[in-house]
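Structural overview
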Amino acid sequence: MKQQNYMKLEFPSRSVNEAFARSAVAAFAAQLDPTLEELGDIRTAVSEAVTNCIVHAYPDTLGRVSLRARILDGGVLEITVKDTGCGMADPDKARQPMFTTGGPERSGMGFTIMESFMDKLRVRSAPGRGTTVTMQRRIRRRGSGG
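Notes on the structure in this doc start here. Keep in mind it's a predicted model, so treat the numbers as computed, not measured.

What counts as what
Residues numbered from 1 in each chain as written. Predicted model: local features only at pLDDT ≥ 70, side-chain atom pairs only at ≥ 80, totals over all residues. Heavy atoms only, no water. Axes fitted to C-alpha atoms, helices over the stretch in contact; angles between N-to-C directions. Helix = DSSP H or I, 4+ residues; strand = E, 2+ residues; numbered from the N terminus. Left-handed = near helix turned anticlockwise from the far one by under 90°. Contact = heavy atoms within 4.5 Å. Nonpolar A, V, L, I, M, F, W, Y, C, P; charged D, E, K, R; others polar. Pairing = 2+ DSSP bridges. Core = buried A, V, L, I, M, F, W, Y, C linked by side-chain atoms within 4.5 Å. Buried < 20%, exposed > 50% of the residue type's maximum accessible area, 1.4 Å probe, protein only.

**Observations concerning the packing of helix α1 (residues 16-29) against helix α2 (residues 36-57)**
Between α1 and α2, the least distance of the axes is 9 Å, while the angle of their chain directions is 145°. As for the relative orientation of α1 and α2, their crossing is right-handed in sense. The segment α1 lies against α2, with Glu18, Ala21, Arg22, Ser23, Val25, Ala26 and Ala29 engaging Leu39, Ile42, Arg43, Val46, Ser47, Val50, Thr51 and Ile54. Of the residues assigned to the contact of α1 with α2, the class counts are 9 nonpolar, 3 polar and 3 charged.

Here you go:
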């Protein structure tokens with residue numbers, strides 16, 4: 001698919017930056033004229049992806065989170081959240097509902113939530129090299145008639 005527009009952000013893995021990332025992607029996605037429900041879904045998926053970086057990728061230190069959003073042909077919003085943290089040996093296991101490495105206060109539902117709110121979800125990870133989460137959501141054009 002051809003890229004129509006894009007944006008990139010980079011920020012430290014501080015919890016205060018999760019809201020910033022969520023809002024920035026929502027503002028960027030607004031050019032597709034999404035419904036409030038679609039915007040809410042996008043914001044939630046971004047929140048989960050960024051929170052995973054903050055909590056799991058850099059559990060004992062600050063690290064860098066990279067976020068890219070692209071508008072592709074056909075009204076597809078693609079969001080990539082990347083860290084260079086500890087990574088995962090088995091991303092498929094991490095995608096299972098209720099699996100967590102974050103302790104009893106974590107639900108283990110982050111990837112499940114991302115998957116339910118987006119059309120596509122891809123997770124690539126390697127121990128010691130970080131994790132890249134790529135999500136896509138097609139925003140359908142709303143008709144001009146009633």
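**Points about the sheet that holds strand β5 (residues 130-138)**
An order of β1-β2-β3-β5-β4 is seen for the 5 strands of this open sheet, with the pairing classed as antiparallel. Two strands in the sheet have a free side with no partner beyond their single neighbour: β1 (3-12) and β4 (120-126). On average, each strand axis in the sheet is inclined to that of its neighbour by 10°, with strand direction left out of account. Pairing of strand β2 (residues 64-72) with strand β3 (residues 76-83), which is carried by 8 bridges, proceeds in the antiparallel orientation. Paired with Ile71 across the two strands is Leu77, which belongs to β3. Relative to the sheet, α1 contacts β1, β2 and β3, its axis offset from that of β1 by approximately 170°. On the sheet, α2 packs against β1, β2, β3 and β5 and is oriented at approximately 10° with respect to β3.

**As for the nonpolar core**
A general tendency of soluble globular proteins is for nonpolar side chains to be buried together. Counting residues in each nonpolar core, the largest one holds 34 residues, and the members touching the most others are Leu67, Leu77, Ile79 and Met135. Of all elements in the fold, only β1, α1, α2, β2, β3, α4 (110-117), β4 and β5 reach the threshold of two or more residues within this core. For this core, the element with the most residues is α2, which contributes 9 residues. In this view, Leu77 contacts Phe28, Ala29, Leu32, Ile42, Ala69, Arg70, Ile71, Met135, Gln136 and Arg137; residues no more than four positions away in its chain are not counted.

**Description of the pairing of β3**
Of all 8 residues making up β3, 7 are buried, and the element is well covered by its neighbours. Between β2 and β3, which pair antiparallel and follow one another directly, the connecting turn spans 3 residues, one of which, Gly74, has a positive phi of 80°. Taken together, the 8 bridges between β3 and β5 define a ladder with antiparallel strand orientation. Across the sheet, the residue bridging to Lys82 is Thr132, located in β5.

**Some thoughts on the environment of Ala126**
Topologically, Ala126 is positioned in strand β4. The class for Ala126 is partly exposed, based on a relative accessible area of 23%. Expressed as a C-alpha distance, the spacing of Ala126 and Met88, which sit 38 residues apart in the sequence, is 5.4 Å. Residues in contact with Ala126, not counting those within four places in the same chain, are Cys86, Gly87 and Met88.

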